[in-house]
Amino acid sequence: MTEEFDQYIKSDYEAGFVTDVESETLPPGLNEDVIRFISNKKGEPEWLLEWRLKAFQVWKEMEEPEWAHVHYPKIDFQDISYYSAPKSMDDKPQSLDEVDPELLRTYEKLGIPLHEQAVLAGVANVAMDIVFDSVSVATTFREKLSEAGVIFMPISEAVHKHPELVKKYMGSVVPQKDNYYAALNCAVFSDGSFVYIPKGVRCPMELSTYFRINEEKTGQFERTLIIADEGSHVSYLEGCTAPMRDENQLHAAVVELVVLDDAEIKYSTVQNWYPGDSEGKGGIYNFVTKRAVAHKNAKVSWTQVETGSAVTWKYPSCILKGDNAIGEFYSVALTNNYQQADTGTKMIHIGKNTKSTIISKGISAGKSQNAYRGLVRMNPSAEGARNFTQCDSLLIGDKCGAHTFPYIESKHPSAIIEHEATTSTVSEDQMFLCQQRGIDPEKAVSMIVNGFCKEVFKELPMEFAVEAGKLLEVSLEGSVG
Amino acid sequence: MLSIKNLQAKVEEKDILKGLNIEVKPGEIHAIMGPNGAGKSTLGNVLSGRDGYTVTGGEVSFLGKNILEMDAEERAREGLFLAFQYPVEIPGVSNLEFLKASVDAVRSHRGEEAMDSMTFLKLAREKCKAVNLDQNFLKRGVNEGFSGGEKKRNEIMQMMLLEPKLCILDETDSGLDIDALQVVAEGVNSQRDPNRSFIVVTHYQRLLDYIVPDFVHVLADGKIVKSGGKELALELEEKGYGWIENEGA
């Protein structure tokens, strides 16, 4: 059966086009002047420039991590451009009508609802922030959101309009020296989204950021900061794509979630960066640090569907600081062809009676390698803490790999930790049952894989769940015969 | 309906079918009986086009078409249905979703429009009732956690929905208690039609008390060694298979 799997291998990445806009792009290279340029370009206050320069010092002294189960040639950080923006953004557009139509068409092609009218017509109840290379190009529904007191804007703008919030929380969840890529991000971050939900407010709509890498030889280093004040609630979605290019491009983002007492953040990601071609050429290196701090009675839920990127290195984590805090991680990671993924989560239980749930579904096809890496730590203070982990791997064909690296540390005798793991294949019996009922093999595999991921998909907001199902289908194309 | 001439097939380099001939006309029920290892299940798998079964000689024509050149899904769409001896589980894929995909595929092949979800749900519920399965089974994963009897009834329900031309029941009676056997047999009997034929593969005569065949064939060592009417099954029940094998030799 494997030869037949191979025979059909071809990749079909629908978001792989390039947008022809005139861009202002820094030449490759990284030094203090580059950081000053970025900071100056955004008219940042002195404290932020200092903060960046400090991070740069930290980064220079750090080593690139090599413990992940991924292999790629060493990255030359001097061969990457750290800033690229469409020229038309120089005089920042004040509304969508002023945004370069070529940019708007890009998002239209990607099926992203940018025009508020289209959204209002019932396509989806979502406010969007759009990040194109290093800048945010549009944020929709700001007025409607501000009526509820919700702040949703590019982080570069929040630095000016809400410096007290940015200063207080940026770097509070992921410190500059946290890891190599986080430190790099702190030094050169370009843009990203900022969200603040005031006390007791239930955000009236889904918030969403769409990240797009367009320019060649550029890295994307966005930062997202979401603060849910006491008793508030927000659901946030994130999507990403990039053009098909032969070279590898770096994406090193930082996402920080602050979930104050009794608040809840639901954070969903559909990551579809260009995965490289069927020979393993090109694709995005996706090295991302995502972390949440949950205070008393707070709840944070990460749901991710990872189908893109040549190499993924990503562990959305929860620090369950307050008593009764809840952390959840639902993940589908699919690798095909030569993709590599090392992804999972960290659940750090500090408060009493904190609870965490981890449901991870890894699917490997082609010649790909897919690893789950997860840490569950019960601190000495975590009386009555509980964790449940379920970690399932599905193999398609016999040239791919699935790996599981669970780390469990329990320092409180009353803590309960459960770990279940399974590895299965799309079996010949299942395929034959489907075919004998008239279903063609491609549809059969996608149905079986979707069934495997069901527990995770049901955590996604409706529109995203449909998109995720379709995405799996496209990503799996060519994995069977 | 189905014409099998001198069919030879092997599995993993081992010859299993060694020149098998059967002629099935519309509306007929043929029972295939035989000792273990005679090639009974292989026949169903070869006819339905399963991977790993290599046809080395002979011809099979189904409704005038050479099906040996078709993929498994194509044969299914042409109206060939195999009820499995051990139906496999597909976790997380709801029975309803699976059935809809299946019926849609078959209908589209016939040039018919896909059924809308509500009409389909209504129809599926009806068929559930006919085989005495609770409607909840439509929501559950395909065969996921079903008992042996429930799995078999689920197979018959699929058959009812797909309305095939030729149904091959592969040891459908294995692992069934007498009540479940009756439900399954009633399901099959309700589908009897002048334009639909059945091949009932079984080890025991018991099933044939409920699904009464027009012809009984004895399969031994990859060939039909004896054919007769329904009374042949009773004779086999009484004397075992040994005497025929000896007779054949």
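Residues numbered from 1 in each chain as written. Chains lettered and ligands numbered in written order. Predicted model: local features only at pLDDT ≥ 70, side-chain atom pairs only at ≥ 80, totals over all residues.

K.L.:
Residue-level account of the overall build of chain B, with values.
P.N.:
When helices and strands are tallied, chain B shows nine helices and twelve strands. A compact globule built from 249 residues should have a C-alpha radius of gyration of about 18 Å, and chain B, at 18 Å, falls within 12% of that. The principal-axis extent of the C-alpha atoms belonging to chain B is close to 60 × 40 × 35 Å. Within chain B, the proportion of its 249 residues that are buried is 44%. (Helix = DSSP H or I, 4+ residues; strand = E, 2+ residues; numbered from the N terminus. Rg over C-alpha atoms; globule rule 2.2 N^0.38 Å. Buried ≥ 20, exposed ≤ 12 C-beta atoms within 10 Å, placed from the backbone.)

K.L.:
If you had to explain the packing of helix H10 (residues 428-436) of chain A against helix H11 (residues 441-452) of chain A to someone new, which residues and values would you point to?
P.N.:
Residue and element names in this part refer to chain A. Two elements in contact, H10 and H11, have axes separated by 9 Å at closest approach and are oriented at 125 degrees. Between H10 and H11, the angle falls in the class oblique. In this structure, H10 crosses over H11, and the sense of that crossing is right-handed. Counted together, Gln-430, Met-431, Cys-434 and Gln-435 of H10 and Pro-441, Ala-444, Met-447 and Ile-448 of H11 form the full contact between these two elements. Residues of the contact of H10 with H11, tallied by class, amount to six nonpolar, two polar and no charged. (Axes fitted to C-alpha atoms, helices over the stretch in contact; angles between N-to-C directions. Parallel < 35°, antiparallel > 145°, perpendicular 65-115°, else oblique. Left-handed = near helix turned anticlockwise from the far one by under 90°. Contact = placed C-beta atoms within 7 Å. Nonpolar A, V, L, I, M, F, W, Y, C, P; charged D, E, K, R; others polar.)

K.L.:
I'd like to hear about helix H9 (residues 180-188) of chain A, residue by residue, with values.
P.N.:
All names here are of chain A. The buried count for H9 comes to eight of nine residues, which makes it a mostly enclosed element. Of all the residues in H9, the buried ones are Tyr-181, Ala-182, Ala-183, Leu-184, Asn-185, Cys-186, Ala-187 and Val-188. At its buried positions, H9 is contacted by helix H2 (32-41), helix H3 (46-60), strand S8 (223-228), strand S11 (254-259) and strand S13 (283-294).

K.L.:
Let's hear about the nonpolar core: which residues, and what values?
P.N.:
Grouped together as the largest cluster of nonpolar side chains are 197 residues, with contacts concentrated most on Val259(A) and Ile265(A). Sequence-distant contacts of Val259(A), that is, excluding residues within four places in its chain, are made with Ala228(A), Glu264(A), Ile265(A), Ala292(A), Val293(A), Ala294(A), His295(A), Ala298(A) and Val300(A). (Core = buried A, V, L, I, M, F, W, Y, C linked by C-beta atoms within 7 Å.)

K.L.:
An account of the sheet that holds strand S5 (residues 65-66) of chain B is requested, with residue identities and associated values reported.
P.N.:
To summarise the sheet geometry, strands pair through backbone hydrogen bonds and adopt either a parallel or an antiparallel arrangement. Residues and elements named next belong to chain B. Spatially, the four strands line up as an open sheet ordered S2-S1-S4-S5, and their pairing is antiparallel. Two strands in the sheet have a free side with no partner beyond their single neighbour: strand S2 (14-24) and S5. Strand direction decides the pairing type here: strand S4 (residues 53-62) and S5, joined by two bridges, are antiparallel. Each residue of the ladder has a partner; that of Ser-61, found in S5, is Asn-66. (Pairing = 2+ DSSP bridges.)

Interpretation note: all reported values are geometric properties and have no functional meaning in isolation.
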